[in-house]
Amino acid sequence: MLRFTAIIICGIAGLIILVEFFFRIPLFTKLQNGMMDWVIILLSFSYLMGGISIFLSHLQRIQRKYDGWYYSLVLVVCLLLMVTLGIFVDYGPNGAFQWLFKNVQNPMQSTMFALLAFYVSSASYRAFRVRNLHATLLFVAAVLVMIGKVPIGEILWSKFPEISQWILSVPSLAAQRALTIGAALGLIATGLKTLLGIERSWLGK
Amino acid sequence: MKSLSLSLFIIGVIFCTFQISFGNSISTKVQIDSLKIAVNNQQSLPSKVHLSKPEIQPLFKTERLNVFIFLIIISALVLTFLFLAKRNHSLTLRKIAGLDAIDEAVGRAAEMGRPVLFVPGSMDVDRIQTLAGIAILSKVGYECATYEVDLDVMTRFPLLMSTSQEILRQSYLTAGRPDLFSPDRVQYITDNQFAFAAAITGHMVRVKTAAHFFIGEFYAESLVISEAGNTTGAIQIAGTANSHQLPFFLASCDYTLIGEELFAASAYLSREPILLGTILGQDWSKALFGLLIVLGTLAAWFGWTDFIHWFQTE
């Protein structure tokens, strides 16, 4: 019964959004706006639930002295510190909360992002190893694109930038569009199956 | 935790109901109050209120007519083959290596006695790719319960955490091992993109997970997590419909579900004739698009601009 109710709610909600997308019916516009407000409010509460979940989960690891429990301790201390500073002390632009955000969290995020450069190198090395015809084609295309994109490529041969652009604009773009069309059709079909209650994997079935 | 979730949900619903019921009347009251204050303070008010005649707009949003027509055609094709598939049970799908490898990955984790890690994308449950990832999570959960392998799920949004917990609870129940299910193994990490990637990377390195599944909607974090996972030597299966992230997964993972394969997973794994029928509908839709691409090329060749412009969306 609970599962059936969930399918009905999903179908009706989806139908309202779909009708509002194509038709100008004030009732549906109002319903859609209302539903969007619901989503925002429920999401806010879900973050509270997520915060409590992460706090309790790491507290348990500290209490039971699991492997790497000290990482959990760092997390719990930081979580409590940021919540205290944000809610009870000073959230303003010159406050401690913003100071920690700018000087601790932002640099850490940038560090993680910078790791991409090294990961791109190692992944490219693995992908470009010439093992078979496909890998050889990939390697040749990649070398041509890279040479065409750097200034020395044009100095070596003026046609390199044109070849590079042709590879990106014709074969590469064609493959990307084929993927996009296939994925878009899959997306529509999955959406349709979910709205009609045929696809029930999101209910655990 | 379940009672906490339920109570928070109830509070949320109460807030929503309050907002829907009184939101508009409160804002109207605030406007009337501010007008009263202006009158009391003898502030200048507009001498005459100009009421413009409202512009009557058509019921249907004509600028979306092309989208509407194609949605109807694709839906009709999918539904037609869905009903035909009910009668004809002999539909077969081509092999999808990434989905066949689920058993291999879980089996390897069982042999090594190490956990499996599943990341259902870096977006919330409102995205179709996440729903497709959840369908695969259900299967992975079932296999893990059968082979008694620990399964860790890391999510970027709390709602996805709750949904994944319920999906896995059902999977473990279906496998006849509800005693093995531990909701604590489904974790909400953070909604910050790179902090989420850092947590996954750290988990893979510390716990030494034997198999990794990265299935759903991914962005810049895809290479960070898949390449870090590759260095641990674990078997990796990825899947996404984001074409810009696919090369990274292809380079770093053992198996990759490309675009539409991700959406076909539910039908492929369940083998239900109705779901298989929808894939046949998708294939016919693709044939239609192929025909339109040929027509579009001819139209561009002969300069039929009206035909080309009709397909443009707002």
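Criteria and cut-off values
Residues numbered from 1 in each chain as written. Chains lettered and ligands numbered in written order. Predicted model: local features only at pLDDT ≥ 70, side-chain atom pairs only at ≥ 80, totals over all residues. Helix = DSSP H or I, 4+ residues; strand = E, 2+ residues; numbered from the N terminus. Rg over C-alpha atoms; globule rule 2.2 N^0.38 Å. Buried ≥ 20, exposed ≤ 12 C-beta atoms within 10 Å, placed from the backbone. Contact = placed C-beta atoms within 7 Å. Pairing = 2+ DSSP bridges. Right-handed = clockwise from strand over helix to strand, strands pointing away. Axes fitted to C-alpha atoms, helices over the stretch in contact; angles between N-to-C directions. Parallel < 35°, antiparallel > 145°, perpendicular 65-115°, else oblique. Left-handed = near helix turned anticlockwise from the far one by under 90°. Nonpolar A, V, L, I, M, F, W, Y, C, P; charged D, E, K, R; others polar. Core = buried A, V, L, I, M, F, W, Y, C linked by C-beta atoms within 7 Å. Domains from an automatic or database assignment. Expected span 1.5 Å × (residues − 1).

A. Up close: the overall build of chain A. When you go through chain A residue by residue, the secondary structure sums to seven helices and zero strands. Ordering the α and β elements of chain A from the N terminus gives α-α-α-α-α-α-α. Taking 2.2 N^0.38 as the reference for a compact globule, 205 residues should give roughly 17 Å; the C-alpha atoms of chain A span a radius of gyration of 26 Å, well beyond that estimate. Projected onto its principal axes, the C-alpha coordinates of chain A cover approximately 65 × 50 × 40 Å.

B. Seen up close, the overall build of chain B. When helices and strands are tallied, chain B shows eleven helices and six strands. Evaluated residue by residue, chain B yields a buried proportion of 42% over its 314 residues. Here the contacts in chain B between residues at least 6 apart in sequence split such that 73% fall between residues at least 24 apart.

C. Representation of the pairing of strand β6 (residues 255–258) of chain B within the structure. Residue and element names in this part refer to chain B. Here four bridges tie strand β5 (residues 235–240) to β6, and the two strands are oriented parallel to one another. Among the inter-strand pairings, glycine 239 is bridged to a residue of β6, identified as leucine 257. Following the chain from β5 across helix α8 (residues 246–252) to the adjacent parallel β6, one finds a crossover that is right-handed.

D. Summary view of the packing of helix α5 (residues 133–149) of chain A against helix α7 (residues 160–196) of chain A. All names here are of chain A. Two elements in contact, α5 and α7, have axes separated by 7 Å at closest approach and are oriented at 125°. Here α7 runs oblique to α5, going by the angle between their axes. Helix-helix and strand crossings are classified by hand; for α5 and α7 the assignment is left-handed. Judged by residue contacts, Ala141, Leu144, Val145, Ile147, Gly148 and Lys149 of α5 engage Phe160, Pro161, Ile163, Ser164, Gln165, Ile167 and Leu168 from α7. Of the residues belonging to the contact of α5 with α7, the class tally is nine nonpolar, three polar and one charged.

E. Spatial organisation of the nonpolar core. All names here are of chain B. In this structure, Val106, Val116, Phe118, Val140 and Ala265 are the most contacted members of the largest nonpolar core, which totals 93 residues. Looking at which element gives the most residues to this core, the answer is helix α4 (residues 128–147), with eleven residues. Each residue touching valine 106, except ones within four places of it in the same chain, is listed here: Val116, Val140, Glu143, Cys144, Tyr147, Val149 and Ala211.

F. Inspection of the sheet that holds strand β4 (residues 211–215) of chain B at higher detail. All names here are of chain B. Taken together, the six strands give an open sheet; going across it, the order is β3-β2-β1-β4-β5-β6, and neighbouring strands pair in parallel fashion. Across the chains shown, the open sheet's two edge strands, defined by having one partner strand only, are β3 (186–188) and β6. Averaged over neighbouring strand pairs, the angle between their axes works out to 15° when direction is ignored. Contacting β2 (151–155) and β3, helix α5 (residues 158–174) runs over the sheet at an angle of about 175° to β3.

G. Seen up close, the interface of chain B and chain A. Across the boundary between the two partners, chain B contributes 65 residues, which contact 53 residues of chain A. Looking at the side of chain B that touches chain A residue by residue, the classes come out as 38 nonpolar, 18 polar and nine charged.

H. Structural detail: unusual backbone geometry. All names here are of chain B. Even without being glycine, glutamate 148 reaches a positive phi, approximately 55°. When you line up the elements, glutamate 148 lands in the loop between α4 and β2. In this structure, lysine 208 is a non-glycine residue whose phi angle is positive, near 60°. Tracing the sequence through the fold places lysine 208 in the loop between α6 (193–207) and β4. A count of 13 C-beta atoms within 10 Å places lysine 208 in the partly exposed class.

I. Broad picture of the domain arrangement of chain A. The domains assigned to chain A are domain 1 (1–66) and domain 2 (128–196). Each of domain 1 of chain A and domain 2 of chain A was reduced to a C-alpha centroid, and the two centroids are 38 Å apart.

J. The arrangement of α4(B) in detail. Residue and element names in this part refer to chain B. The end-to-end C-alpha distance of α4, which contains 20 residues, comes to 29 Å, matching closely the 28 Å that a straight helix rising 1.5 Å per residue would cover. Here α4 lies mainly inside the structure; 18 of its 20 residues are buried. Where α4 ends, the next residue or the one after it, glutamate 148, has phi of about 55°, a positive value.

K. The packing of helix α3 (residues 69–89) of chain A against helix α4 (residues 96–127) of chain A, seen in detail. Residues and elements named next belong to chain A. At their nearest, the axes of α3 and α4 sit 8 Å apart, and the two run at 140° to each other. As judged from the angle between their axes, α3 and α4 are oblique. Here Met82, Leu85, Gly86 and Val89 of α3 come into contact with α4, specifically with Ala96, Phe97 and Leu100. Partitioning the contact of α3 with α4 into residue classes produces six nonpolar, one polar and no charged.

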